[in-house]
Each structure stands twice: as C-alpha cells, then as structure tokens.
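Inside the fold
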Amino acid sequence: MAIPRYNDGHSNYIASGLVGGAEKQALFRFALDAISAGATVVSSRFGARAFSLGEPAVRGHRITAPWDEQTVTWQGFAASYDEHVEATLAGAGSDAAAVDLSELVQAWVDGAHDNHGFLLERALTGTTSYRSREHPNAGDRPRLEVCYVMP
C-alpha cells in the first residue's frame, strides 16, 4: 500500500484492485439490528453501482474485526478478513453489480459470526470502483437487500 495511513471513508467512491500503483480493498457493513435472532434469511443480495477496468472478477470476504469507516486505514486494518471467498461478483462493466450474500447474512443473524461487514478485493490487474454511501445520488449507493422470515 502506497499510503498505509490514508482513510477513504469520506469519499463518494471506493475501490478494490490496483489504484495509482497501490492495492485497495473496499469495506462494507450494513446494520442488521431489525432482524430478530432466529430469523431465517430467504435471500440477501448486495448491490452497488460499479465500474471495472481489467479482469473484473471481484471476491467478497467476511471481515473478522471491528473497524470504523472514518478512521480505518490499510495499516490499522491489518488484513482482518477471512481468506475464504464468500461470494464472487462477476464483471460489472459500468453498471449495477450484485452478489448473493445469503449464507453470510444468515451466519450474522444466527450469531455464528460477528457482523463486521465484508470486504471486496480483486486481482491487481485492474480496478473496480464503487459508489459509496456518501455519493450524492442515493439510488447509486451500495445496498444490502435481505428477505427473511421471522421465527
């Protein structure tokens, strides 16, 4: 990482892959407090407006430690994610991208894992950028849609 103490939490865009000669990873977290323990997750899809250059496959990983959007840095995060790939996001080109996270969300609801969110990373042969929750166009912000059944 070229700037290990840099925080991108205020930006309208975040990225994964190779950006300006440095590796970047995109971190996302969504509150699930409204879903009661014991609920069954029928489906859960993460969606974002994305733009990819180069080989566009992006891999999603469960984050294993707490982090704060406004203070997290490459150095402080210290690769706090599970290397197991939870989901693969196929190429997005310059359109909306979506991936199924049902199993991961169910594990968070069940308490099998703490909900620290997930990380998107990709090969350093290109870049995928995503509009962030700070983006002025609310319709393009990342979202997690969860369909569940109460116990």
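Rules used in this analysis
Residues numbered from 1 in each chain as written. Predicted model: local features only at pLDDT ≥ 70, side-chain atom pairs only at ≥ 80, totals over all residues. Heavy atoms only, no water. Helix = DSSP H or I, 4+ residues; strand = E, 2+ residues; numbered from the N terminus. Contact = heavy atoms within 4.5 Å. pLDDT = per-residue confidence, 0-100. Core = buried A, V, L, I, M, F, W, Y, C linked by side-chain atoms within 4.5 Å. Buried < 20%, exposed > 50% of the residue type's maximum accessible area, 1.4 Å probe, protein only. Phe/Tyr/Trp six-rings, centres within 6.5 Å; stacked < 30°, edge-to-face > 60°. Lys NZ or Arg CZ within 6 Å of the ring centre and 35° of its normal. Pairing = 2+ DSSP bridges. Axes fitted to C-alpha atoms, helices over the stretch in contact; angles between N-to-C directions.

So, on to the side chain of Gln106. Assignment of secondary structure puts Gln106 in helix α2 (residues 102-110). If we skip the residues at most four places from it in the chain, Gln106 touches Ala39, Thr40 and Val41.

Considering every residue of the protein chain, the mean pLDDT works out to 87; 89% of them sit at 70 or more. Mean pLDDT in the protein chain bottoms out at strand β7 (residues 96-100), which sits at 81, and peaks at α2, which reaches 97.

Let us now look at the nonpolar core. Counting 25 residues, the largest nonpolar core has Phe28, Phe46, Leu101, Val105, Phe118, Leu120 and Tyr130 as the members making the most contacts within it. Broken down by secondary-structure element, the contributors of at least two residues to this core are β3 (26-28), β4 (40-53), β6 (87-89), β7, α2 and β8 (118-122). Discounting chain neighbours no more than four positions away, the residues touching Leu120 are Ser16, Gln25, Ala26, Phe28, Phe46, Val58, Arg59, Gly60 and Tyr130. Among the nonpolar cores identified, the runner-up in size contains seven residues, and Leu27, Val72, Phe77 and Leu119 belong to it.

Moving on, we get to the packing of aromatic side chains. What the rule picks out here adds up to six aromatic pairs. Between the aromatic rings of Phe28 and Phe118, the centroid separation amounts to 5.6 Å while the plane-to-plane angle is 20 degrees, which identifies the pairing as stacked. With Phe28 in strand β3 and Phe118 in strand β8, this residue pair connects regions lying 90 residues apart in the sequence. The exposure classification of Phe28 matches that of Phe118, with both residues buried. Grouped by ring-pair contacts, the aromatic residues Phe28, Phe30, Phe46, Phe118 and Tyr130 constitute a single cluster. When the ring centre of Trp67 is taken as origin, the NZ or CZ atom of Arg29, which lies over that ring, is 4.5 Å away.

On to the environment of His135, then. Considering the arrangement of structural elements, one finds His135 in the loop between β9 (127-131) and β10 (143-149). Separated by 125 residues in the primary sequence, His135 and His10 have C-alpha atoms spaced 9.6 Å apart. Those residues in contact with His135 that lie beyond four places of it in its chain are Asn12, Tyr13 and Arg141.

Moving on to the sheet that holds β6. One open sheet holds the four strands; their spatial order is β3-β8-β5-β6, and the pairing between them is antiparallel. Bordering the open sheet on either side are β3 and β6, each of which pairs with just one other strand. Averaged over all adjacent pairs, the angle separating strand axes in this sheet is 30 degrees, with direction ignored. Relative to β8, strand β5 (residues 58-62) runs antiparallel, the two sharing five bridges. Across the sheet, Val58 pairs through a bridge with Arg122, a residue of β8.

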